[in-house]
Amino acid sequence: MKPTDDGRKLKLTVFLIKDGYKDIEEFLSFKDFQVVPVEQGGKQIGTLIYKGGFQSKPSWASIFEGLPGFDSGSIFNQSSKALYILEHEGRWFCFTFGYARHLIDELAYERNFGLIVTLNLGDPAAIKSIDKINISHVSLHSREQAAREIELANFEFDNDIDLLKSITAKLPTVDGEDQETLSGRDSVTIYTTVTVDVFLDIAKRLYAAFKSTNYKKRYPWLGKIREERDAQIIETLDSALASRIVKKNFHKVWLAIPELIVWEEVRGFAFKHASERPTKAGPVLYQDLNIDEWSKVAKIDNDLTAKQLKSKKIFVYWQDGRGSSWSLYRCLNAEIDLSHKKYILNDGDWYNIEPGYVTEVNDFYNSVPNSKIKLPAYGANTEPSYLKSVAASLEGYALMDRQEVMIGGGRSRVEFCDLYSKDKKEIIHVKRYGGASLLSHLFSQALVSGNCFLHEMDFRTRLNDLLPHGFKLRNPKEQPNAKDHEVCIAIMSKERGPLELPFFSKVSLKHAVKTLHNLGYKVTKLKIER
């Protein structure tokens, strides 16, 4: 877009309305706003909808009220909002100014419009920042900003475990034109030269970029896993989940602890809250989360809704007398097929999984060999008490649970493993079954400790100080041969049959196993029966 004499550079935010909306009133609420048809050559080219601002005194001004020389009467905030709306190829485009974006029905605009446009139009070598979610720790949202424009590959982004939320990039330089900057997720923000007559040109260019599939060739991994944010699809998925729960069809629906806990600090879990008094019976406590047990005590109506699932609680009772809770919805995990697509519920969010990627992850998971290590059933034991009993009863195993080794110059610590066999060179990491975030901590521990054990002499030296007599390394200065060692990922699970993990746990395991393989380790998985 060449700058014009009367144009000025502005930051424009643009939303694309979904197909099927005929009139502006169907997706926009603008009561008490001024409406101005915009014409050019006797033809209407768009509609300006706006509302003047109102003045208000900023809250900070009251702090200095009465200060000599401070005139609070001259300080005020003023807000105004506007939208410029036009139609192109039967689709509505909304250019928003101020806080006008909130006037648009959130169900009406295209999700990921801005992300797709920015990936297609942006210079692949001129990316300024990215926002991402790490699905191995679903709650971990982060932003990375580069000091200069770089390629996506130069950011700390792993397409196996990171989801791209939004991106900011420069557009390729064209002779005679100013270089523009694009940012996008649902909307696209573009910093460019603007006049009334160029809005349509901008819409045409953005729509062509949205329809293009070039970004899939450049970033073929992008569609593997997407956070589902279409409210209508989420509502349909929640309804399907509620229907399964009402019918007690728990195939691929289960409960899991959504965050890390110290098991020996937990007395148990309850599905009903009951105050603990001397004259009253306390709550019925369970040692694990089980959806069949929950369904026996929960009041489930035939018209169960997602809102009710979110309001129901899982109660945690601690050894020190504390009580806390999680939303039931956050503890629910599910896999649901809808319109030939697979959706995963994890830690309160739905994700859309590409079918080919589901097959890829499951095939890799099945290819990880089952360990030949024989460990006893855990019964009613907690994780720490079980590990202690194994080390005491099985000859040749050292208990390393909660024996943390300092790494990173003392900035952090990591467990080497939970059980270690020097003679058999078995490095065993054990965790009780739980949600994706919980198990991902186990896989991360295996990956970090495996790397440190191989490459850091200081780590081996500190580890040797913790190893019991008879298990110490012969020479900590000598680098071990990874090929001689088996890294075993062992899960304590009460479920019958082969070891089965949540989908995102399989994704995290795939990442850890591939990295450990590259280091030279043999990696196996093991189910510890109850």
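In what follows, the accompanying structure is described. Please read all numbers here as calculations on a predicted model, not as lab measurements.

**Here we look at the pairing of strand 10 (residues 188-194)**
- Within strand 10, six of the seven residues are buried, which leaves the element mostly enclosed by the surrounding structure.
- Both strand 1 (residues 8-16) and strand 10 contribute to a ladder of seven bridges, which runs antiparallel. Paired with K11 across the two strands is Y191, which belongs to strand 10.
- Two elements, strand 9 (residues 181-184) and strand 10, share four bridges in a ladder whose sense is antiparallel. Paired with T181 across the strands is Y191, a residue of strand 10.

**Here we look at the packing of helix 8 (residues 355-367) against helix 12 (residues 503-519)**
- Closest axis-to-axis distance for the helix 8/helix 12 pair is 9 Å, and the angle between their directions is 60 degrees. Of the possible angle classes, the one that applies to helix 8 and helix 12 is oblique. For the element pair helix 8 and helix 12, the recorded crossing hand is left-handed. In contact with Y357, V358, E360, V361, N362, F364 and Y365 of helix 8, helix 12 contributes F503, K506, V507, L509, K510, V513 and K514.
- Looking at the contact of helix 8 with helix 12, its residues break down into nine nonpolar, one polar and four charged.

**Quick look at the side chain of R91**
- Considering the arrangement of structural elements, one finds R91 in strand 5 (residues 91-97).
- You can call R91 buried: its relative accessible area is 8%.
- Within the structure, the side chain of R91 is placed 3.4 Å from the side chain of Y207, a separation counted as a polar contact.
- When neighbours within four sequence positions are excluded, R91 is seen to be in contact with L16, I17, K18, D19, L86, E110 and Y207.

**Quick word on the packing of helix 1 (residues 113-121) against helix 2 (residues 199-211)**
- At their nearest, the axes of helix 1 and helix 2 sit 8 Å apart, and the two run at 90 degrees to each other. Of the possible angle classes, the one that applies to helix 1 and helix 2 is roughly perpendicular. Mapping the contact onto sequence places F113, I116, V117, N120 and L121 in helix 1 and R205, L206, A209 and F210 in helix 2.
- Here the contact of helix 1 with helix 2 is built from residues that sort into seven nonpolar, one polar and one charged.

**What to know about the sheet that holds strand 24 (residues 486-493)**
- Here we have five strands laid out as an open sheet, ordered 19-22-23-24-25, and mixed in their pairing. Either end of the sheet is taken by a strand with one partner, and the two such strands are strand 19 (398-399) and strand 25 (522-529).
- Where strand 19 meets strand 22 (residues 419-421), two bridges bridge the pair, whose relative direction is antiparallel. Within the sheet, the bridge partner assigned to A398 lies in strand 22 and is Y420.

**Overview of helix 12**
- In this model, helix 12 (17 residues) spans 25 Å end to end at C-alpha, consistent with the 24 Å of a helix rising 1.5 Å per residue.
- Positive phi shows up at G520, right after helix 12, with a value of about 110 degrees.

Rules and cut-offs
- Residues numbered from 1 in each chain as written.
- Predicted model: local features only at pLDDT ≥ 70, side-chain atom pairs only at ≥ 80, totals over all residues.
- Heavy atoms only, no water.
- Buried < 20%, exposed > 50% of the residue type's maximum accessible area, 1.4 Å probe, protein only.
- Helix = DSSP H or I, 4+ residues; strand = E, 2+ residues; numbered from the N terminus.
- Pairing = 2+ DSSP bridges.
- Axes fitted to C-alpha atoms, helices over the stretch in contact; angles between N-to-C directions.
- Parallel < 35°, antiparallel > 145°, perpendicular 65-115°, else oblique.
- Left-handed = near helix turned anticlockwise from the far one by under 90°.
- Contact = heavy atoms within 4.5 Å.
- Nonpolar A, V, L, I, M, F, W, Y, C, P; charged D, E, K, R; others polar.
- Polar contact = N/O pair within 3.5 Å; in protein donor to acceptor, adjacent residues only side chain to side chain.
- Expected span 1.5 Å × (residues − 1).

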